[in-house]
Amino acid sequence: MTTTPEDPTTALSGRPAVVDLATWQAARDELLVREKAHTHEGDAIAAARRRLPMVEFDGTVEVVGPDGPVPFLDLFQGRDELVVYKHMWYDGAPHQGQCEGCTTAAWHLKDAVYLNARGVSFAVLTTGAWDEVASYVEFMGYTQPWYSVRDLDEPVGGEMGYLACFLRDGDRAFLTYSTTGRGIEPANGSFGLLDMTPYGRGEAWEDNPEGRPKGDQPCWYWRTDADGNATWGPTSRPVPQWTRPGATPVETLGRRGHHH
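Residues numbered from 1 in each chain as written. Predicted model: local features only at pLDDT ≥ 70, side-chain atom pairs only at ≥ 80, totals over all residues. Heavy atoms only, no water.

### Re the overall build of the chain
The cut-off we apply is this: Each helix corresponds to a stretch of at least 4 residues labelled H or I by DSSP, and each strand to a stretch of at least 2 residues labelled E; elements are numbered beginning at the N terminus. Each residue gets one of three labels from its accessible area relative to the maximum for its type: buried under 20%, exposed over 50%, partly exposed in between, using a 1.4 Å probe on protein chains only. Note on contacts: a residue pair is in contact if any heavy atoms of the two residues lie within 4.5 Å. Here, Shrake-Rupley sampling with a 1.4 Å probe gives the accessible areas, and only protein chains in the shown set may cover a residue. Positive charge is attributed to Lys and Arg, negative charge to Asp and Glu, and no charge count is given to His or to the chain ends. Think of each charge as sitting on NZ of Lys, CZ of Arg, CG of Asp or CD of Glu.
Scanning the chain from terminus to terminus reveals six helices and 10 strands. Counting only C-alpha atoms, the chain reaches 70 × 50 × 30 Å along its principal axes. Every one of the 260 residues in the chain was classed for burial, and the buried ones make up 35%. The contacts of the chain with a sequence gap of at least 6 include a subset with a gap of at least 24, amounting to 57%. Summed over its atoms, the accessible surface of the chain is roughly 15600 Å², and 56% of this surface lies on carbon and sulfur atoms. A gap of 4 Å separates the mean positions of the 23 positive and 37 negative side-chain charges of the chain.

### Concerning the side chain of E203
This is how the line gets drawn: Here a polar contact is taken to be a pair of N or O atoms separated by no more than 3.5 Å, where protein atoms must pair a possible hydrogen donor with a possible acceptor and residues adjacent in sequence count only if both atoms sit in side chains.
Position of E203 relative to the elements: it lies in the loop between α5 (189-194) and β9 (223-224). A distance of 2.5 Å separates a polar atom in the side chain of E203 from a polar atom in the side chain of W205. Every residue in contact with E203, bar those within four places of it in the chain, is listed here: F191, G215, D216, Q217, P218, C219, W220 and Y221.

### Overview of the pairing of strand β8 (residues 172-178)
As a reminder, the rule being used: What makes two strands pair is DSSP finding at least two bridges between them.
In this sheet, β8 lies alongside strand β1 (residues 55-57) in antiparallel orientation, the contact comprising three bridges. Bridge pairing in β8 places V55 opposite L175. Sheet topology note: the strand β7 (residues 162-169)/β8 ladder contains six bridges and is antiparallel. Of the residues in β8, the one forming a bridge with D169 is R172. Once β7 ends, the chain turns through two residues before running back antiparallel as β8, passing G170 with a positive phi of about 65°.

### Focus: the layout of surface pockets
Our working definition: Here a cavity means grid points, on a 1 Å grid over the protein atoms only, where a 1.4 Å probe fits yet cannot get out; a pocket means an open set of points with protein on both sides within 12 Å along at least five of seven lines; lining residues are those with an atom within 4 Å of a point. Grid points are joined across faces, edges and corners, and a volume is the space filled by probe spheres set on the points. Throughout this entry, Asp, Glu, Lys and Arg are counted as charged residues, while Ala, Val, Leu, Ile, Met, Phe, Trp, Tyr, Cys and Pro are counted as nonpolar. The remaining residues, Gly among them, count as polar.
If you add up the space inside the largest pocket, you get close to 1200 Å³. If you go around the largest pocket, you meet 24 residues; those closest to its centre are L31, E35, D195, M196 and T197. The volume enclosed by the second largest pocket comes to roughly 820 Å³. Lining the second largest pocket are 24 residues, with R49, E81, V83, C165 and Y177 sitting closest to its centre. Sorting the residues of the lining of the second largest pocket by element identifies α1 (21-50), β4 (81-87), β5 (120-126), β7 and β8 as the ones contributing at least two each. Residues of the lining of the second largest pocket, tallied by class, amount to 18 nonpolar, three polar and three charged.

### Observations regarding the environment of A27
Relative to the helices and strands, A27 resides in helix α1. Along the primary structure A27 and F72 are separated by 45 residues, whereas in three dimensions their C-alpha atoms are 51 Å apart.

### Regarding the pattern of salt bridges
The following threshold applies: The term salt bridge refers to a pairing of a side-chain nitrogen on Lys or Arg with a carboxyl oxygen on Asp or Glu at a separation within 4 Å.
In this structure the tally under the stated criterion is nine salt bridges. Of the charged contacts in the structure, one is a salt bridge between E56 and R172, with a shortest N-O distance of 2.7 Å. Taken together, the positions of E56 in strand β1 and R172 in strand β8 put the pair 116 residues apart, joining distant regions of the chain. Residue R223 is joined to E100 by a salt bridge in which the shortest nitrogen-to-oxygen separation is 3.4 Å. Note that R223 is positioned in strand β9 and E100 in helix α2 (residues 100-107), a separation of 123 residues in sequence. Here the salt bridges share partners, and the residues they tie into one network are R182, E185, D195 and R201.

### Focus on the environment of A187
Tracing the backbone through its elements, the reader meets A187 in the loop between β8 and α5. Look at A187 and you get buried, because its relative accessible area is 13%. For the pair A187 and E132, spaced 55 residues apart in the sequence, the C-alpha separation amounts to 24 Å. In this structure A187 touches A105, H108, L109 and L163, once residues within four positions along its chain are discounted.

### Quick look at unusual backbone geometry
Residue E154 is joined to P155 through a cis peptide bond whose omega torsion reads 5°. Following the sequence through the fold, P155 ends up in the loop between β6 (146-148) and β7. Located in the positive-phi region is D151, a residue other than glycine, with phi close to 65°. On the secondary structure map, D151 appears in the loop between β6 and β7.

Okay, here's the thing in structure tokens:
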């Protein structure tokens with residue numbers, strides 16, 4: 001039997017209304033006005049961000065990387081600008097026990113070739129002990145530079161879980177910007193794409209039309225078991241880790257394909 005989009009037995013829960021192309025285009029054009037205003041306001045905010053004052057700090061403070069302790073200034077790699085992601089760390093936790101949010105953010109920042117082309121360096125900082133960090137970086141297959149900032153004060157160390165920007169002037173280092181709360185979202189391209197979809201991120205805080213699938217806690221899909229089921233149970237791990245060598249039991253490979 002052939003079904004149609006109007007067949008109630010096949011209709012998706014809370015789906016958007018079905019209209020003709022002209023009606024859709026009119027609604028789309030109306031939304032575009034708001035989108036353009038949002039873009040222009042974002043440009044104005046970025047312009048204000050570039051006009052923020054900055055704070056000088058000791059750029060010779062040492063962080064620990066694969067070559068041992070090095071001065072923070074080395075992270076600029078000879079460039080004048082530096083962006084860092086401050087990755088949360090749970091001491092002694094296995095790979096699957098590390099922060100699901102930071103793991104996902106870092107996964108979206110697998111390399112910095114385009115930043116480098118613009119004259120900007122990139123690094124990941126974390127408070128973990130270097131031997132634990134090195135093992136994790138190898139397991140995840142990260143290519144971006146990582147450093148331990150254990151026991152260091154702000155702005156190099158301190159609180160983790162956000163982005164920060166720095167400027168170098170010779171041997172002088174300056175903090176120019178740092179994010180708060182949801183400020184790391186620009187680094188996670190999946191959020192922007194999910195926000196374009198009719199069902200969104202699937203989170204409880206979202207403003208959705210009546211009848212849409214109920215949302216869950218923020219970023220509930222960041223941790224899953226081997227079958228792709230969102231869970232914070234003992235069999236779960238940050239989603240990107242399921243692609244790592246040895247992370248996925250062989251017997252679940254076939255079944256997982258139906259969930260992703």
